[in-house]
Amino acid sequence: MTAQSPESSSHPLPPGELRASHDDREAVVEQLRDAAAEGRIDLDELDARLEQALTSKTYAELAVLTADLPRPESAGSRQPTLVLKGGLHGASRGPGRWEVPGHVIAHGGLGGVKLDFSRVECRLPEVTVEAYGEAAGVTIVIPEGWAADTGALDPGIGGLKDRTTSDRLPGTPLIRLAGSGGMAGVVVRHPNRWERRKLNGNPVRG
């Protein structure tokens, strides 16, 4: 009987246990060097962390090296607030590439709103999403490895369904949810099986 590979297992590995790439390690090295230049860590700490970064094998091992450092600011933090209104016919943003601002407001209205981050590249440390479910609800889709903080959202009558995991990969933003579930509620989740198949079958092209 042959051993089952992690890819074929019915229980996929948590994101933090996935193998890091050369680019992942280089991104952490760059952040560490910037932190040393800003005086956040001294040269001895830099040397020790660089050595660990270059030999890290998983995302979790990389994450601990920058956990006490601020995330680098990106152009998205200067983008104007994105406002989506479901109105009568609904509204959506994604799943294609789109520029993610630091603040998004979604009003479900009568048609509903879907906010899909599954194909974006976002280097903001946090994105605030004000979601107001109203009559038709708001659905927020975030990639595997992103995390959501739902503590500031009032579930209202419709409620809040948080189907995300808490395993956050290094270099990903935290989605901070605020607002109210209203009548229809707010859902935050990772891509479902159909959406994952579509993503895997249609990779993003630069």
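Cut-offs and rules
Residues numbered from 1 in each chain as written. Predicted model: local features only at pLDDT ≥ 70, side-chain atom pairs only at ≥ 80, totals over all residues. Heavy atoms only, no water. Helix = DSSP H or I, 4+ residues; strand = E, 2+ residues; numbered from the N terminus. Buried < 20%, exposed > 50% of the residue type's maximum accessible area, 1.4 Å probe, protein only. Contact = heavy atoms within 4.5 Å. Areas by Shrake-Rupley, 256 points an atom, 1.4 Å probe, with all protein chains shown as cover. Pairing = 2+ DSSP bridges. Axes fitted to C-alpha atoms, helices over the stretch in contact; angles between N-to-C directions. Salt bridge = Lys/Arg side-chain N within 4 Å of Asp/Glu carboxyl O.

Participant: Whenever I open this one, the overall build of the protein chain confuses me. Can you help?
Facilitator: Secondary structure summary: the protein chain contains 4 helices and 10 strands in total. A total of 206 residues make up the protein chain; the buried ones form 39% of that total. The contacts in the protein chain between residues at least 6 apart in sequence include a share of 72% that link residues at least 24 apart. Of the roughly 12,000 Å² of accessible surface on the protein chain, 50% is carried by carbon and sulfur atoms.

Participant: Teacher, can you tell me more about the pairing of strand β4 (residues 113-116) here?
Facilitator: The side chains of a regular strand alternate between both faces of the sheet. In this sheet, β4 lies alongside strand β2 (residues 91-93) in parallel orientation, the contact comprising 3 bridges. Bridge pairing in β4 links A91 to V113. With 4 bridges connecting them, β4 and strand β6 (residues 138-141) associate as parallel partners. Paired with L115 across the two strands is I140, which belongs to β6.

Participant: What am I meant to see in the sheet that holds strand β10 (residues 186-189) here?
Facilitator: In a beta sheet, neighbouring strands pair by backbone hydrogen bonds and run either parallel or antiparallel. Spatially, the 5 strands line up as an open sheet ordered β2-β4-β6-β10-β8, and their pairing is parallel. Pairing within the sheet leaves two strands with one partner each, and these edge strands are β2 and β8 (160-162). Between one strand and the next, the sheet's axes are offset by a mean angle of 5°, whatever the strand orientation. Where β6 meets β10, 4 bridges bridge the pair, whose relative direction is parallel. By the bridge assignment for β10, I140 is matched with V188.

Participant: How should I be thinking about the pattern of salt bridges in this particular structure?
Facilitator: Side chains that differ in sign of charge can pair as their charged atoms come close. Summed over the entire model, instances satisfying the criterion amount to 7 salt bridges. R176 is the salt-bridge partner of D149, the closest N and O atoms lying 2.6 Å from each other. Here D149 is found in strand β7 (residues 147-154), whereas its partner R176 is found in strand β9 (residues 174-180), with 27 residues between them in sequence. Residue class for D149 comes out partly exposed when judged on its relative accessible area of 29%. The closest approach of N and O atoms between E195 and R189, which form a salt bridge, is 2.7 Å. Judged by its relative accessible area of 9%, E195 is buried. The exposure class assigned to R189 is buried, which follows from its relative accessible area of 13%. Beyond isolated ion pairs, a larger network of salt bridges with shared partners links K114, R189 and E195.

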